[in-house]
Amino acid sequence: MTNKTDDKIDFKKTLDAYRAQQGRFRIVDVPDMQYLMIDGHGDPNTSPAFTEAIQALYPVAYKLKFASKRNLGRDYVVSPLEGLWWAEDMASFTTARHKSRWRWTLMLMVPDWIDQPMFTTAIEQAGAKHRPARLDDVRLQELSEGRCVQTLHVGSFDDEADVLAQLHHQYIPANRLRMTGTHHEIYLSDFRKVAPDKQRTILRQPVTLDTGNVV
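Residues numbered from 1 in each chain as written. Predicted model: local features only at pLDDT ≥ 70, side-chain atom pairs only at ≥ 80, totals over all residues. Heavy atoms only, no water.

Engineer: What should I look at first to understand the overall build of the chain in this one?
Structural biologist: Helix and strand counts for the chain come out as 5 helices and 11 strands. Taking 2.2 N^0.38 as the reference for a compact globule, 215 residues should give roughly 17 Å; the C-alpha atoms of the chain span a radius of gyration of 18 Å, in line with that estimate. Considered along the principal axes of its C-alpha atoms, the chain spans approximately 55 × 40 × 30 Å. In the chain, which comprises 215 residues, the proportion classed as buried is 48%. Of the contacts formed within the chain by residues at least 6 apart in sequence, a portion of 77% connects residues at least 24 apart. For the chain, the exposed surface amounts to about 11,400 Å²; the carbon and sulfur share of it is 48%. (Helix = DSSP H or I, 4+ residues; strand = E, 2+ residues; numbered from the N terminus. Rg over C-alpha atoms; globule rule 2.2 N^0.38 Å. Buried < 20%, exposed > 50% of the residue type's maximum accessible area, 1.4 Å probe, protein only. Contact = heavy atoms within 4.5 Å. Areas by Shrake-Rupley, 256 points an atom, 1.4 Å probe, with all protein chains shown as cover.)

Engineer: Help me out: how do you make sense of the packing of helix H2 (residues 48–72) against helix H4 (residues 116–126) in this one?
Structural biologist: A pair of packed helices is captured by two measures, namely the crossing angle of their axes and the spacing between those axes. Viewed as axis vectors pointing N to C, H2 and H4 meet at an angle of 120°, and their least axial separation amounts to 9 Å. It follows that H2 is oblique to H4 by the angle criterion. Note that H2 runs across H4; the crossing there is right-handed. Between H2 and H4, the residues in contact are Pro59, Val60, Lys63, Leu64, Ala67, Ser68 and Leu72 and Met118, Phe119, Ala122, Ile123, Gln125 and Ala126, respectively. (Axes fitted to C-alpha atoms, helices over the stretch in contact; angles between N-to-C directions. Parallel < 35°, antiparallel > 145°, perpendicular 65-115°, else oblique. Left-handed = near helix turned anticlockwise from the far one by under 90°.)

Engineer: Sorry if this is basic, but what is going on with the packing of aromatic side chains here?
Structural biologist: Given two aromatic rings, one states the distance between the centres and the angle between the planes to describe the pair. If you walk through the whole model with that rule in mind, you get 12 aromatic pairs. Look at Phe50 and Trp85: their rings are 6.1 Å apart centre to centre, the planes differ by 35°, and that puts the pair in the tilted class. Residue Phe50 is found in helix H2, and its partner Trp85 is found in strand E5 (residues 81–86); the two are separated by 35 residues along the sequence. Grouping residues by exposure puts Phe50 and Trp85 together as buried. Ring geometry for Phe157 versus Tyr187: centroids 5.5 Å apart, planes at 75°, classification edge-to-face. A residue pair is termed long-range when its members are at least 10 positions apart, and Phe157 in the loop between strand E8 (146–154) and helix H5 (161–174) and Tyr187 in strand E10 (residues 183–187) qualify at 30 residues. (Phe/Tyr/Trp six-rings, centres within 6.5 Å; stacked < 30°, edge-to-face > 60°.)

Engineer: Which parts of the structure should I look at to understand the pairing of E8?
Structural biologist: Each regular strand carries side chains that alternate between the two faces of the sheet. Taken together, the 5 bridges between strand E2 (residues 26–30) and E8 define a ladder with antiparallel strand orientation. For Arg26, the partnering residue across the bridge sits in E8 and is Gln150. The pairing of E8 with strand E11 (residues 200–209) spans 7 bridges and is antiparallel. The residue bridging Leu152 from the neighbouring strand is Ile202, located in E11. (Pairing = 2+ DSSP bridges.)

Engineer: Can you help me understand the nonpolar core in this one?
Structural biologist: One recurring pattern in soluble globular proteins: nonpolar side chains tend to sit buried together. Residues Leu36, Val60, Leu64 and Leu106 are the most contacted members of the largest nonpolar core, which totals 48 residues. Residue contributions to this core peak at 10 residues, all from H2. Once residues within four sequence positions are removed from consideration, Leu36 is found in contact with Leu57, Val60, Ala61, Leu64, Leu106, Met107, Leu108, Val110, Phe119, Val138, Arg139 and Leu140. In terms of nonpolar packing, the next biggest core, distinct from the first, is built from 7 residues, Phe25, Leu167, Ile172 and Leu177 among them. (Core = buried A, V, L, I, M, F, W, Y, C linked by side-chain atoms within 4.5 Å.)

Engineer: Help me out: how do you make sense of the pairing of E11 in this one?
Structural biologist: Among the 10 residues in E11, 7 count as buried, and that is most of the element. Relative to E11, E10 runs antiparallel, the two sharing 4 bridges. Across the sheet, the residue bridging to Glu185 is Leu203, located in E11.

Engineer: Teacher, can you tell me more about the pattern of salt bridges here?
Structural biologist: Side chains that differ in charge, positive against negative, can pair when their charged atoms come close. The full count for this structure, using the stated rule, is 11 salt bridges. For Asp10, the salt bridge identified is with Lys12, shortest N-O distance 3.1 Å. Overall, Asp10 belongs to the buried group, its relative accessible area being 13%. One network of salt bridges, in which partners are shared, links Asp16, Arg19 and Arg26. (Salt bridge = Lys/Arg side-chain N within 4 Å of Asp/Glu carboxyl O.)

Engineer: Got a minute to help me understand H4 in this structure?
Structural biologist: For the α-helix, the turn length of 3.6 residues means that residues three or four positions removed from each other point alike. Inspection of H4 places Met118, Phe119, Ala122, Ile123 and Ala126 among the buried residues, and these make up the whole buried set. Viewed along the axis of H4, the buried residues span an arc of 140°, placing them on a single side of the element. Residues of H4 that are exposed and point over 90 degrees away from its buried face: Pro117 and Glu124. Here the buried face of H4 lies against strand E3 (33–41), H2 and strand E7 (139–143). Sitting at the head of H4, Asp115 places a side-chain oxygen 3.0 Å from the backbone nitrogen of Met118. (Arc of directions from axis to C-beta. Polar contact = N/O pair within 3.5 Å; in protein donor to acceptor, adjacent residues only side chain to side chain.)

Right under this line is the structure:
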């Protein structure tokens, strides 16, 4: 029997993985989490696919939230938008900023009690009236990142390069780590509404012990 509750869970406040401080790199063990995901490539500022991806994710996320509250008595705040970013030549992302070469996966985290049947129903409901163009590209998938290094960046996305250079070329090797997985960003601010210089973004990089540097 499910206990009904009026408490609304805000995972930004309850999960350590959503905590970061500006000017500080921190090692954090991120638990396996599941997300609504959708893939794309190209400049996020000009690519229609990027906007269409966002337009497809949120209706599904809210259908799941409402179903969870209504059917399970478990309400929660829809989590912030997140993105995995990469390029064949990572310099295209970290320093050269050749945005047309970027590949990305946009994501919204959903609680572990959300299952595949709930997701399938949410997709059907989200497409019942005004069907988002990329709705069929949304999937429910678990992401396992494990040990990561993260920090809080305050400012525009184009100003991330110096922070990423410090993370990749100073902090990670100095702590006998090496990068694994994919560069991960968590958008604590809604970049559609917040001025670029005030945007708050968690920058995360999965890592593992660099056994080649262990004496």
